[in-house]
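Fold and contact review
Single-letter residue listing:
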Amino acid sequence: HAPGPAMSFFRAMGQLASRVEAADSVFLADQDDVWLPGKVAAMLEAAAHRSRPWALFHDVQVVGEALNPLQPSFYTGNPYAVPRDLDPRRLLLTNPVIGHTLLLSGDLLGHIARLPEQAAYVMHDWAVALVAQRMQCLAYVPHSLSLYRQHGSNLLGASRQRGLGEQLQRGMQLAGRVLGQAMAWARAHSAGVLPVDSPKAGSPPWLSTPWAGRSHHRVALQLAWHALVSGPTWRRRSLALFLALQVLRRPAP
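A brief report on the enclosed structure follows. Quantities reported herein were computed from a predicted structural model and do not represent experimental measurements.

1. Some details on the side chain of D33
Relative to the assigned elements, D33 resides in the loop between strand 1 (25–27) and strand 2 (34–35). Buried and unpaired, D33 has R149 as its nearest opposite-charge partner, separated by 5.6 Å. At 2.9 Å, the side chain of D33 forms a polar contact with the backbone nitrogen of R149. If near-sequence neighbours (up to four positions away) are discounted, D33 is found in contact with H100, L147, Y148 and R149.

See below:
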């Protein structure tokens, strides 16, 4: 009873949060992806060497609908790379974390379940990445432990080719969602709803200024600037244009 995959996962995590202990290990799974033998053991071994809370994610082999190989790693640098895309500024623009690769500690799951404005987030795994990185507990396991299936109904595919018209339409839609997500994240950041276990943790400084969560135009332009200067490919840099256009779609406050 949830609209779309993101809210389905948010609600599932909310229902589960009261039933797990802080030290429990919680895997996320998608119905169309394939876990390889040894994945669970490898992830639990990686988690055993970390202090709680933690969120771990791993690499994948990208495959087609019939499991035919497309690329051996998701993090080739085009468009995603680790640790580049885990920088707080980059993480507001793009999400390198694949949901079905996540392993969460029970206490971090509780923080995700209490995140306000969940419907504003593009995807549940993006929200997990933002929260975990703010708490300095997001870690990458550099092994391909599953098959990431790409097919025609993928919402956010890794290898799907689209026509120009569809790309432009999706670019505007994505920019609007990214901006709305950043605004919700700024409000959560400013309200102090998330604990911070490290003095180095936090979001980009411009999100903690007095106008954070209020100035739609300024957040859009800040995001556009970061997309322009930090986008690893021209497709990623083109998000700057779509973000800048969001200013024209909404009157100044």
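2. Things to note about the pairing of strand 3 (residues 55–63)
Within strand 3, 8 of the 9 residues are buried, which leaves the element mostly enclosed by the surrounding structure. Sheet topology note: the strand 3/strand 5 (residues 103–105) ladder contains 2 bridges and is antiparallel. Residue L56 lies in a different strand from strand 5, and its bridge partner there is L103. One ladder, built from 8 bridges, connects strand 3 with strand 6 (residues 138–149); its direction is parallel. Bridged to Q61 within strand 6 is L147.

3. Overview of the nonpolar core
L104, L223 and L243 are the most contacted members of the largest nonpolar core, which totals 60 residues. Listed by contribution, the elements that provide at least two residues to this core are helix 1 (4–17), strand 3, helix 4 (106–113), helix 5 (124–134), strand 6, helix 6 (164–191), helix 7 (216–230) and helix 9 (239–249). A per-element tally of this core places helix 6 first, with 8 residues. Residue contacts for L104: discarding those within four places in its chain leaves M13, D24, S25, V26, L28, W54, A55, L109 and V128. M43, A47, A139 and L145 belong to the second-largest nonpolar core, a separate cluster that totals 8 residues.

4. Structural notes on the packing of aromatic side chains
In the structure shown here, the tally under the stated rule is 8 aromatic pairs. Here the aromatic rings of F57 and Y75 are separated by 6.1 Å at their centres, their planes lie at 70°, and the arrangement is edge-to-face. Placement of F57 in strand 3 and of Y75 in the loop between strand 4 (69–71) and helix 3 (88–91) is noted, with a sequence separation of 18 residues between them. F57 sits in the buried class, given a relative accessible area of 0%. Judged by centre distance (5.7 Å) and plane angle (80°), the rings of F74 and Y148 are edge-to-face. Residue F74 is located in the loop between strand 4 and helix 3, and its partner Y148 is located in strand 6; the two are separated by 74 residues in the primary sequence. Judged by its relative accessible area of 7%, F74 is buried. Site record: aromatic cluster; members linked through ring pairs are F57, F74, Y75, Y80, Y140 and Y148. Above the face of the W35 ring, K39 is positioned so that its terminal group lies 4.3 Å from the ring centre.

5. Some points on unusual backbone geometry
The omega torsion across R52 and P53 is -10°, close enough to zero to call that bond cis. Looking at the secondary structure, you find P53 in the loop between helix 2 (39–48) and strand 3. Note the cis peptide between N78 and P79, where omega equals 5°. Turning to its location among the elements, P79 is positioned in the loop between strand 4 and helix 3. Here L67, not a glycine, exhibits a phi torsion of approximately 70°, which is positive. For L67, the location among the structural elements is in the loop between strand 3 and strand 4. Note on L67: relative accessible area 34%, which makes it partly exposed. A positive phi angle, near 60°, is found at Q136, a position not held by glycine. Within the secondary structure, Q136 sits in the loop between helix 5 and strand 6. Residue Q136 is classed as partly exposed on the basis of its relative accessible area of 40%.

Conventions used here
Residues numbered from 1 in each chain as written. Predicted model: local features only at pLDDT ≥ 70, side-chain atom pairs only at ≥ 80, totals over all residues. Heavy atoms only, no water. Helix = DSSP H or I, 4+ residues; strand = E, 2+ residues; numbered from the N terminus. Buried < 20%, exposed > 50% of the residue type's maximum accessible area, 1.4 Å probe, protein only. Lys, Arg positive; Asp, Glu negative; His and termini not counted. Salt bridge = Lys/Arg side-chain N within 4 Å of Asp/Glu carboxyl O. Polar contact = N/O pair within 3.5 Å; in protein donor to acceptor, adjacent residues only side chain to side chain. Contact = heavy atoms within 4.5 Å. Pairing = 2+ DSSP bridges. Core = buried A, V, L, I, M, F, W, Y, C linked by side-chain atoms within 4.5 Å. Phe/Tyr/Trp six-rings, centres within 6.5 Å; stacked < 30°, edge-to-face > 60°. Lys NZ or Arg CZ within 6 Å of the ring centre and 35° of its normal.

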